[in-house]
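# What the coordinates show
The chain contents come next:
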Amino acid sequence: MKSITEVLNENITGLHYGCRVLLPFQAEILKIVIGTKIITNFSKNLEGACVRITDFYTEIYFCEYKNLAEELTKYEVVKLVVVQQGDDVFDFNKHIPIELVIESKHKLLIKPIPDDLLFFE
Amino acid sequence: MNKNLLLLFFIVIISFSDANSAFAQDVNHAKDTITNVEIATNEAKHELPNTAMVIPFVVLLIMIATGPILYSHFWEHHYPKVSVLLGAIVVFYYSFFLHDTHSLLHTLTEYFSFIALLASLFFASGGIMIKVDKKATPLLNVGILLLGAIIANVIGTTGASMLLIRPFIKINQDRIKPYLIIFFIFIVSNIGGALTPIGDPPLFLGFLRGIDFFWFIEHIWYIWLPTIALILLVFYFIDSRNKDSKPGKEYSGKIEFKGAKNLIYLAIILVAVFIDPNVMSWVPNLAPSPIGLREIIQLSVVVLAMKTSDNEILKYNEFNAEPIKEVAYLFIGIFATMIPALQLISHEANILGDKLTVGMFFWSTGLLSGVLDNAPTYLNFLSAALGKFGFNINVATDVKEFMNTDYIFLQAISVAAVFFGALTYIGNGPNFMVKSIVERAGIEMPSFFAYVYKYSLPILIPIFALVWLVFYF
């Protein structure tokens, strides 16, 4: 299983199917910004986003979207603040801001958020 | 699906208009004169609409105010249908019961002018990027807000907001607080744009009805200037107490600008505003087409900007056409449903006459502009003020006479519609756009009501009351 840093360095891609996103690492998710929605509630309710961490990947369901590929424009990305599972979630230096870019054929680009993109944790 | 709905709506309006032989005669007659005047003269022959026909307008405005807050899921998915359906009720009533297609075509023409300007400003400014690497200070922030207030009169509150909100956030990234964004909305997205018809949509609607382009700056600058100064003073006081910053961080002081060709597009849009048969005699009158040469130019700029804007800049701006799509759908409903409201208000104001004071116009235009959208509210009260003096809002010569003889009423309505648009998120189009950009950056903004009671009521209302005391009491 790759770490978040390895995935970012090696440009490994994730997957997306409809409202589901699969990330090839195990991560605690602290915050997601999708469109104008700021999601910090990852409890089991059906609003916002539902997260599941398996032994092989982390998956997120965006419950209010039918199909991310159709609802996000080509200039829009999903922004997240994640922490590698097992790392100290209370250490701000371990918080990694990443962006997910929806590509065709279910491909999901995973990149660090560039400095010039506006994003606040 | 939604695009088809909108297209069908336009086709229905135009076909009704074409089918009306009386209108065809009017158009032939109008070719040598000012079309609006002729149409309006004929319009006067039609009977007044039933009061119940104001209901679609009221329902639509209530839904615009409450939809995003109380039933956001339904609203997000169905607002285009709601807007077009409510508009269609009025179109049907005017076509088959009043047999008044003149008002419909006149409104459709106005809608195209309105949306062509907003869309072109939106797409052109979306392809411009400004990056500033400077340390934020209260004085620098005041300077940016003042600059925004000034350029809002050249590229519209929409263009200025789109252009400046990102650098403003970036500069303040280590000390970002909601009040910074709220003051940006107050000054750049609203009050700043009170000096020209390009500044704010209500004034552009007034310009389309016949008010001179430079009337606004001549009659509003001396109210604009102290109001902006007072709000900036309050901002400076609050911002000086924000001591958050990243210790030891170095700034290059560099200002980077990209997207120069889009500045040319903005210039074209600005020049196109004057390309009107009523302003320049050489401009061909394309009636009965609801789209004139000005709109063709502005819509061409939209296509050009979409095709030629730099991808890197669009990505930096996270460009998304959703906000302008929302405005296009909502305003087709607003423009259609407000036809009976405009006619009835004008009629009632004619009867009430002397009882309506300038102060009443100031507060009622203002408060309704804050909770409804300021563009239709402006037209309603402009219609009422004209009616008070026996003028008709649909007659350009009436509007011009009113502009010169009873300017204080026009001034009060114009000031109130623009200034009070800052009272809530729904008061003016750019307010929501700024909120949307800020939330996409992960910054939590105050709720609808928190915005009002924490910021608008304690800061704006006392300043607006002062404006009223000094100028309209």
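Each value, and the rule that gives it
- Numbering of residues starts from 1 in each chain and follows the order in which that chain's sequence is written.
- All chains are assigned letters beginning with A, and all ligands numbers beginning with 1, in the order in which they are written.
- The model is predicted, so local features are restricted to residues of pLDDT at least 70 and side-chain atom pairs to those at 80 or more, both for listing and for counting; the totals for chains, interfaces and linings are taken over all residues.
- Hydrogens are left out, water is left out, and the side-chain values use all remaining heavy atoms of the structure.
- Helix and strand definitions here come from DSSP, where helices need a minimum of 4 consecutive H or I residues and strands a minimum of 2 consecutive E residues; each element is numbered from the N-terminal end.
- Whether two residues are in contact is decided by their heavy atoms: any pair within 4.5 Å suffices.
- Residue burial considers only the protein chains on display, and all accessible areas are found by Shrake-Rupley using a 1.4 Å probe.
- Here, axes are lines fitted to C-alpha atoms. For helices the fit covers the stretch in contact, and angles between N-to-C directions go from 0 to 180 degrees.
- An angle below 35 degrees is read as roughly parallel, one above 145 as roughly antiparallel, one from 65 to 115 as roughly perpendicular, and any other as oblique.
- For any helix crossing, the convention is left-handed if the near helix is rotated counterclockwise from the far helix by under a right angle, and right-handed if that rotation is clockwise.
- Residues are grouped as follows: nonpolar covers Ala, Val, Leu, Ile, Met, Phe, Trp, Tyr, Cys and Pro; charged covers Asp, Glu, Lys and Arg; every other residue, Gly included, is treated as polar.
- For a helix, the expected span equals 1.5 Å multiplied by the residue count minus one.
- Exposed residues in this analysis have more than 50% of their type's maximum accessible area, buried residues have under 20%, and partly exposed residues fall in between, with area computed by a 1.4 Å probe over protein chains only.
- In this description, strands pair whenever DSSP reports at least two bridges between them.
- A residue's pLDDT is simply how confident the predictor is in it, with values from 0 to 100.
- Criterion for a salt bridge: a side-chain nitrogen of Lys or Arg within 4 Å of a carboxyl oxygen of Asp or Glu.
- Buried area: the sum, over both parts, of the accessible surface (1.4 Å probe) that disappears when the two are put together.
- Pairs of N or O atoms are called polar contacts if they sit within 3.5 Å, as long as, within protein, a hydrogen donor faces a hydrogen acceptor (for residues adjacent in sequence, only side-chain-to-side-chain pairs).
- Any pair of Phe, Tyr and Trp rings, taking the six-membered ring for Trp, is counted once the centres come within 6.5 Å. Such a pair is stacked with planes under 30 degrees apart, edge-to-face with planes over 60 apart, and tilted for the rest.
- Put simply, buried Ala, Val, Leu, Ile, Met, Phe, Trp, Tyr and Cys residues joined by side-chain atoms within 4.5 Å make one nonpolar core.

## Brief notes about the overall build of chain B
- Tallying secondary structure elements over chain B gives 20 helices and two strands in all.
- Sequence-distant contacts in chain B: of pairs separated by 6 or more residues, those separated by 24 or more amount to 83%.
- Accessible surface, chain B: about 18,600 Å² in total, of which carbon and sulfur atoms supply 68%.

## Remarks on the side chain of Thr158(B)
- The topology assignment puts Thr158(B) in helix 7 (residues 138–171).
- Those residues in contact with Thr158(B) that lie beyond four places of it in its chain are Leu118(B), Phe122(B), Pro430(B) and Met433(B).

## Side note on the packing of helix 10 (residues 215–240) of chain B against helix 18 (residues 407–419) of chain B
All names here are of chain B.
- Interhelical geometry of helix 10 versus helix 18 gives an angle of 55° and a closest axis separation of 10 Å. Between helix 10 and helix 18, the interaxial angle falls into the category oblique. Classified by chirality, the crossing of helix 18 by helix 10 is right-handed. Of the residues in helix 18, those touching helix 10 at Trp215, Phe216, His219, Ile220, Tyr222, Ile223, Trp224 and Thr227 are Tyr407, Leu410, Gln411, Ser414, Val415 and Phe419.
- A class-by-class count of the residues in the contact of helix 10 with helix 18 yields ten nonpolar, four polar and no charged.

## Notes on helix 16 (residues 374–388) of chain B
All names here are of chain B.
- End to end, helix 16 covers 21 Å across 15 residues, agreeing with the expected 21 Å (1.5 Å per residue, within 8%).
- Within helix 16, 15 of the 15 residues are buried, which leaves it mostly tucked inside the rest of the structure.
- Gly390 lies just past helix 16 and shows a positive phi near 80°.

## Focus on the sheet that holds strand 2 (residues 20–23) of chain A
Residue and element names in this part refer to chain A.
- The sheet built from nine strands is open, its strands ordered 4-3-7-8-9-1-2-6-5 with antiparallel pairing. Each end of this open sheet is capped by a strand with a single partner; those strands are strand 4 (37–39) and strand 5 (49–53). When strand polarity is set aside, the average angle formed by the axes of neighbouring strands in this sheet is 25°.

## Overview of the confidence of the model for chain B
Residue and element names in this part refer to chain B.
- For chain B, per-residue confidence averages 83 on the pLDDT scale, and 89% of positions sit at 70 or higher.
- Predicted confidence is poor over residues 11–44, with pLDDT under 50, and the contacts of this stretch with residues over four places away or in other chains come to 48 contacts.
- This complex was scored by the predictor with a pTM of 0.79 and an ipTM of 0.78.

## Quick look at the environment of Pro80(B)
Residue and element names in this part refer to chain B.
- Within the secondary structure layout, Pro80 lies in helix 5 (residues 72–96).
- Using a relative accessible area of 2% as the deciding quantity, one classes Pro80 as buried.
- It is 28 Å that separates the C-alpha atoms of Pro80 and Ala450, two residues lying 370 residues apart in sequence.

## Considerations on unusual backbone geometry
Residue and element names in this part refer to chain A.
- Despite not being glycine, Asn11 has its phi angle at roughly 55°, a positive value.
- As for its position among the elements, Asn11 is in the loop between helix 1 (4–9) and strand 1 (14–17).
- A positive phi angle, near 55°, is found at Lys105, a position not held by glycine.
- Relative accessible area serves as the criterion here: at 80%, Lys105 is assigned to the exposed category.

## Brief notes about the pairing of strand 3 (residues 27–34) of chain A
Residue and element names in this part refer to chain A.
- For strand 3, the tally of buried residues reaches six of eight residues, placing the bulk of the element in the interior.
- With six bridges connecting them, strand 3 and strand 7 (residues 78–84) associate as antiparallel partners. When the sheet's bridge partners are listed, Lys31 is paired in strand 7 with Val81.
- Connecting strand 3 to the antiparallel partner strand 4 that follows it, the hairpin turn spans two residues, and Gly35 within it adopts a positive phi of roughly 60°.

## Considerations on the pattern of salt bridges
Residue and element names in this part refer to chain B.
- Counted according to the given criterion, the structure contains 13 salt bridges over all chains.
- The closest approach of N and O atoms between Glu110 and Arg209, which form a salt bridge, is 2.6 Å. Of this pair, Glu110 sits in helix 6 (residues 101–126) while Arg209 sits in helix 9 (residues 201–209), and the two are 99 residues apart along the sequence. Here Glu110 matches Arg209 in class, with each residue buried.

## Describing the packing of helix 9 of chain B against helix 16 of chain B
Residue and element names in this part refer to chain B.
- Between helix 9 and helix 16, the least distance of the axes is 7 Å, while the angle of their chain directions is 40°. With respect to helix 16, the axis of helix 9 lies oblique. As for the relative orientation of helix 9 and helix 16, their crossing is right-handed in sense. Here Pro201, Pro202, Leu203, Leu205, Gly206 and Arg209 of helix 9 come into contact with helix 16, specifically with Asn374, Ala375, Tyr378, Leu379 and Leu382.
- Along the lines of polarity and charge, the residues of the contact of helix 9 with helix 16 split into eight nonpolar, two polar and one charged.

## Observations regarding the interface of chain A and chain B
- Taken together, the contacts link 19 residues of chain A with 22 residues of chain B.
- Of all residues in chain A, Tyr75(A), Leu118(A) and Phe120(A) give up the largest surface area on contact with chain B, accounting jointly for 39% of the area buried on that side.
- Inspection of the chain A/chain B interface yields two salt bridges.
- Between Arg440(B) and Glu76(A) there is a salt bridge, with the nearest N and O atoms lying 2.2 Å from each other.
- Applying the counting criterion to the chain A and chain B interface returns four residue pairs in polar contact (both at pLDDT 80 or more).
- Its residues placed into classes, the side of chain A that touches chain B shows eight nonpolar, three polar and eight charged.

## Remarks on the pairing of strand 6 (residues 58–62) of chain A
Residues and elements named next belong to chain A.
- In terms of residue burial, strand 6 counts as a mostly covered element, since four of its five residues are buried.
- Relative to strand 6, strand 2 is paired through four bridges, and the arrangement is antiparallel. Bridging across to strand 6, Val21 finds its partner in Ile60.
- Here strand 5 runs beside strand 6; their pairing, made up of five bridges, is antiparallel. Residue pairing in the sheet places Cys50 in a bridge with Tyr61 of strand 6.
- Joining the antiparallel neighbours strand 5 and strand 6 is a turn of four residues.

## What about the packing of aromatic side chains?
Residue and element names in this part refer to chain B.
- Going through the model one piece at a time under the given rule, you end up with 39 aromatic pairs over all chains.
- Note on Tyr93 and Tyr94: the rings are 5.8 Å apart at their centroids and 75° apart in plane angle, and the pair reads as edge-to-face. The same class applies to Tyr93 as to Tyr94, namely buried.
- Ring geometry for Phe114 against Phe331: centres 4.7 Å apart, planes inclined by 35°, an arrangement best described as tilted.

## Let's talk about the side chain of Thr54(A)
- For Thr54(A), the position within the fold is in the loop between strand 5 and strand 6.
- A distance of 3.0 Å separates the side chain of Thr54(A) from the backbone nitrogen of Phe56(A), its partner in a polar contact.

## Points about the nonpolar core
- Counting residues in each nonpolar core, the largest one holds 143 residues, and the members touching the most others are Leu145(B), Phe186(B), Ile211(B), Tyr378(B), Leu382(B) and Phe419(B).
- One finds Leu8(A), Ile29(A), Ile60(A) and Val78(A) within the second-largest nonpolar core, a separate group that totals 26 residues.

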